[in-house]
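# Analysis of the macromolecular model
Below, each chain spelled out in residue letters.
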Amino acid sequence: MRDILGNWHHLSAADVARLDAALGSPESHVGTVPGSPANLFWSAAAELGWARRVPAPVRRSDIATGMFALTGTGCRLLPDFRRRYDLVLGTSYAPAEPAQRT
């Protein structure tokens with residue numbers, strides 16, 4: 001979850017729109033470019049079991065892609081996760097600093 005929270009602000013408007021579309025149509029697949037912020041987001045979601053990697057429908061040798069689809073768990077948990085941390089386009093999450101002891 002920390003990877004998703006820490007890298008959220010790197011997502012573009014198109015990345016967030018694709019996530020919103022995937023939440024609205026869970027059977028859809030989302031393509032990413034390896035190493036991109038979107039790929040990092042989807043890879044972190046896959047590690048949590050919120051998404052899964054799927055094979056690319058058409059393989060072109062000159063374009064590397066990572067394809068993902070949301071899991072049932074991701075469809076159920078991601079909306080509340082986004083609301084809890086106010087994850088909308090243009091926001092970032094910074095954990096609260098630990099209280100200093102005096």
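Refer to the structure presented above.
Everything in this summary refers to the structure shown in the same document. (Residues numbered from 1 in each chain as written. Predicted model: local features only at pLDDT ≥ 70, side-chain atom pairs only at ≥ 80, totals over all residues. Heavy atoms only, no water.)

Scanning the chain for helices and strands turns up 4 helices and 3 strands. Secondary structure elements in the chain, listed N-terminal to C-terminal, are α-α-β-α-β-β-α. Relative to its full complement of 102 residues, the chain shows a buried share of 32%. Across the chain, the fraction of contacts at a sequence separation of at least 24, relative to all contacts at a separation of at least 6, is 62%. Looking at the chain as shown, the accessible area adds up to about 6,700 Å², and 54% of this sits on carbon and sulfur atoms. (Helix = DSSP H or I, 4+ residues; strand = E, 2+ residues; numbered from the N terminus. Buried < 20%, exposed > 50% of the residue type's maximum accessible area, 1.4 Å probe, protein only. Contact = heavy atoms within 4.5 Å. Areas by Shrake-Rupley, 256 points an atom, 1.4 Å probe, with all protein chains shown as cover.)

Let us look at the environment of Pro57. Checked against the element boundaries, Pro57 lands in the loop between strand S2 (51–54) and strand S3 (66–70). In sequence terms Pro57 and His29 are 28 residues apart; their C-alpha atoms lie 9.7 Å from each other.

So, about the environment of Gly24. Take Gly24: it is sitting in helix H2 (residues 13–24). Taking C-alpha positions, Gly24 is 8.7 Å from Cys75, a pair spaced 51 residues apart along the chain.

Within soluble globular proteins, side chains that are nonpolar tend to cluster in buried spots. In terms of nonpolar packing, the biggest core is built from 20 residues, with Ile4, Trp8, Phe41, Trp42, Leu78 and Phe81 touching the most fellow members. Residue assignment for this core shows that the elements contributing at least two residues are helix H1 (2–7), H2, helix H3 (37–47), S3 and helix H4 (72–84). At 5 residues, the largest contribution of residues to this core is made by H3. Once residues within four sequence positions are removed from consideration, Ile4 is found in contact with Phe41, Ala44, Ala45, Leu48, Trp50 and Phe81. (Core = buried A, V, L, I, M, F, W, Y, C linked by side-chain atoms within 4.5 Å.)

Where H2 contacts H4, the axes come no closer than 10 Å and their chain directions differ by 130 degrees. Classified by the interaxial angle, the pair formed by H2 and H4 is oblique. When you trace H2 past H4, the crossing you get is left-handed. Contacts from Val16, Leu19, Asp20 and Leu23 of H2 reach H4 at Gly74, Cys75, Leu78, Pro79 and Arg82. For the contact of H2 with H4, the residue count by class is 6 nonpolar, 1 polar and 2 charged. (Axes fitted to C-alpha atoms, helices over the stretch in contact; angles between N-to-C directions. Parallel < 35°, antiparallel > 145°, perpendicular 65-115°, else oblique. Left-handed = near helix turned anticlockwise from the far one by under 90°. Nonpolar A, V, L, I, M, F, W, Y, C, P; charged D, E, K, R; others polar.)

Right, let's get into unusual backbone geometry. We note that Asp86 has phi near 55 degrees; this positive angle belongs to a residue other than glycine. Topologically, Asp86 is positioned in the segment after H4.

The next point concerns the sheet that holds S2. With antiparallel pairing, the 3 strands of this open sheet are ordered in space as S1-S3-S2. Because the sheet does not close on itself, it has two edges, and the strands there are strand S1 (30–32) and S2. On average, adjacent strands in this sheet sit at an angle of 35 degrees to one another, irrespective of strand direction. Where S2 lies against S3, 4 bridges are found, and the strand directions are antiparallel. (Pairing = 2+ DSSP bridges.)

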